[in-house]
Amino acid sequence: MTYQHVKIPEVGKKITVKSGKIEVPDQPIVGFIEGDGIGPDITAASMRVWDAAVEKAYGGKRKINWCELYLGEKAASIYDGEYFPSETLDAIKDLVVAIKGPLTTPIGGGFRSLNVSLRQNLDLYACVRPVRYYKGVPSPLQDPDQVDVVVFRENTEDVYAGIEYESGTPENEKLAKFLRNEMGAKFFEDAGLGIKPISPFGSKRLVRKAIEFAIDQNRESVTLVHKGNIMKFTEGAFRKWGYELAKNEFEDKIITEEELYSEYGGKQPKGKIVIKDRIADIIFQLLQLRPGEFDVLATMNLNGDYLSDAVAAEVGGIGIAPGANISDHVAVFEATHGTAPKYANQNKVNPSSLLLSGVMMLEYMGWNEAADLINAAYPKVIGDKFVTYDFARQMTGAHTVSTSTFADALIAKITGNADVLARFERERRDAVEAERKEREAKRIEDPIAAMRESGHQPSTAGGIMSPVRGVPAGTSVEDAMHQMREWDVSYLLVELGEDKGWGIMTKRDVVTKIVGANKSTHNGTVDEIVSRPLITAPADASLSTVSLLLSENNIRRVVIEARDIPVGVVSDTDLFDIVEEFGWGTDD
């Protein structure tokens, strides 16, 4: 491809995509956009750190060959006033991976935002924001080290799609008339109107990207964030489609949170990612009180905007928050803050947002060893209180340094004893694993308390069912009673054969059909006294549905089936315990 101003380096090879995966050569060509305002300062400093980490990690075997691309003010100066040259988009597609500094938005029209335009033109549908605490960074939390989450925010839909109609315009009046007269909607006169599109396509590809990341990075869980209890056909649909995608495409890699408790007793099977969901307002609270419960978050556009900034505030603020916008394969990593023009060319500001976005980029390329070196060196420099002015004013005894000197300090740590840094990062990962095991032990010991503390309220039969306990047909009643006592259960399921299906034997059956009939428990068999047919419900049946089945059939237990096979039982006691613990009603 021929470009007007972009110059592809003669040395190096382009990143390619094969069989749905990116393939990164040892000498890849990677695009960079230095950005506006403070962009040149933080880009120059960060590039030196990335290069040093790659050199140290791979001993010269690997190297990034940088290719400058142009957007924003620098582009306008080169392309006759064009802030958004089309050849830059072509080059990003061609190179697959790029990183950029902050961009200004031109005054007087043209673009609502260069960043938004970039996402839309390249269909960068996943905004990815990892947020983790680095020791020594000022934080308002008591235990900020528990924060290590990655937010996957859908970039193209929701109210950010820009479908809105101003009050008083003919378009607004036309839509308002249609909504009132044709759809029966009620709202105040002269209201501004916006449309909130949430589609299966947009939702599922975002959730797919989040689950793939969780699997590749050995994460513990993916949480679907939504307000589906109120907006049932948009946010509620996002939740529904997310679970469908997980089950249909990753069945052998995931379990739901309800399965974690109902089938595995709180013990997470090795190699399985837990898929769960939380109401948006609740998770804002939980991420402050119990951040360690959450790992990867998948959410729609507006919730993701609020959430990513709120979590970043817990670990030092948006000024050090990294980010990326990713399509199926093309990825643009970026500083998440603005251009701060009053600090331009002063070599003063903190480069951490862009710097750590480059760590994300290295991980995306599969160069985890280089990423680990930066991740391990960063808290060491912060711990030495060798920081830029924004951190220095929040610390006692800090050394205020320039942007470039901060990069020098990082490079010194990286190029020093790499074994020490590697051990430091291993220790951090060991601590994360120990915390996981501690949470798991609590789940196993007291599942209901663990559910409450983590914000999970069971809503389906599968979430509260007890696993099946059964004996074969022909078992003596006496032996079955011993088994019930050993398992501490009040029922047993019995498979009667292909033609007869299943039955259930309860303590009541023993009392009425054996003792009441003056029969022998030794001679009688379970298939002679079981109750049938079973009253059943699917695992995704609501708790209200289960309650109605108990009431209408005057029974104490409903058998939960999957593919016509019993997998669990829900009793009136199970329902009572859940209602007592969590209450009952609709969240607002």
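What counts and what doesn't
Residues numbered from 1 in each chain as written. Predicted model: local features only at pLDDT ≥ 70, side-chain atom pairs only at ≥ 80, totals over all residues. Heavy atoms only, no water. Helix = DSSP H or I, 4+ residues; strand = E, 2+ residues; numbered from the N terminus. Buried < 20%, exposed > 50% of the residue type's maximum accessible area, 1.4 Å probe, protein only. Pairing = 2+ DSSP bridges. Axes fitted to C-alpha atoms, helices over the stretch in contact; angles between N-to-C directions. Contact = heavy atoms within 4.5 Å. Parallel < 35°, antiparallel > 145°, perpendicular 65-115°, else oblique. Left-handed = near helix turned anticlockwise from the far one by under 90°. Nonpolar A, V, L, I, M, F, W, Y, C, P; charged D, E, K, R; others polar. Phe/Tyr/Trp six-rings, centres within 6.5 Å; stacked < 30°, edge-to-face > 60°. Lys NZ or Arg CZ within 6 Å of the ring centre and 35° of its normal. Expected span 1.5 Å × (residues − 1).

Participant: Can you help me understand unusual backbone geometry in this one?
Facilitator: Leaving glycine out, the prevailing phi sign among residues is negative, and the prevailing peptide bond configuration is trans. In this structure, Pro 533 follows Arg 532 across a cis peptide bond, with omega equal to 0°. With respect to the helices and strands, the residue Pro 533 is situated in the loop between α19 (507-515) and β23 (536-538). Non-glycine residue Asp 80 carries a positive phi angle of around 55°. Tracing the backbone shows Asp 80 in the loop between α2 (73-78) and α3 (86-95). Overall, the relative accessible area of 78% leaves Asp 80 in the exposed class.

Participant: Quick question: what am I supposed to make of the sheet that holds strand β21 (residues 491-497) here?
Facilitator: Paired through their backbone hydrogen bonds, the strands of a sheet run either parallel or antiparallel. Ordered by their spatial adjacency, three strands build an open sheet running β20-β21-β22, and the pairing between neighbours is mixed. Pairing within the sheet leaves two strands with one partner each, and these edge strands are β20 (470-472) and β22 (501-506). Between one strand and the next, the sheet's axes are offset by a mean angle of 30°, whatever the strand orientation. Sheet topology places β21 next to β22; six bridges connect them, and they run antiparallel. Bridge assignment links Tyr 491 to a residue of β22, and that residue is Thr 506. Where helix α18 (residues 477-487) meets the sheet, its contacts fall on β20, β21 and β22, and the angle it forms with β21 comes to roughly 135°.

Participant: Teacher, can you tell me more about the packing of helix α1 (residues 39-58) against helix α12 (residues 368-383) here?
Facilitator: Packed helix pairs are characterised by how far apart their axes lie and by the angle those axes make with each other. Look at α1 against α12: their axes get within 8 Å of each other, and the N-to-C directions meet at 120°. Our classification of the angle between α1 and α12 gives oblique. Of the two elements, α1 crosses α12, and the hand of that crossing is right-handed. Side by side, α1 and α12 meet where Val 49, Trp 50, Ala 53, Val 54, Lys 56, Ala 57 and Tyr 58 of the first sit next to Asn 368, Glu 369, Ala 370, Leu 373 and Ile 374 of the second. For the contact of α1 with α12, a count of residues per class yields nine nonpolar, one polar and two charged.

Participant: Could you clarify how one ought to interpret the packing of aromatic side chains in this entry?
Facilitator: The geometry of two aromatic rings is summed up by the distance between their centres and the angle between their planes. Evaluated as defined, the whole model comprises nine aromatic pairs. With centroids separated by 4.8 Å and ring planes inclined at 65°, the aromatic side chains of Tyr 134 and Tyr 378 adopt a geometry described as edge-to-face. You can see Tyr 134 sitting in the loop between β7 (126-132) and β8 (148-154) and its partner Tyr 378 sitting in helix α12, a full 244 residues away along the chain. Across this residue pair, the class does not change: Tyr 134 and Tyr 378 are buried. An aromatic cluster is built from Phe 32, Trp 50 and Trp 66, whose rings are joined through pairwise contacts. Here the guanidinium or amino end of Arg 62 rests over the ring plane of Tyr 58, the centre of that ring lying 4.5 Å away.

Participant: Can you walk me through helix α6 (residues 200-216) in this structure?
Facilitator: An α-helical segment advances 3.6 residues per turn. Residues three or four places apart therefore align on the same side. Compared with the 24 Å implied by 1.5 Å per residue over 17 residues, the 24 Å span of α6 between its first and last C-alpha is a close match. Residues of α6 that are buried include every one of Gly 202, Ser 203, Arg 205, Leu 206, Val 207, Lys 209, Ala 210, Ile 211 and Ala 214, and no others. Just past α6, the residue Asn 218 takes up positive phi, approximately 55°.

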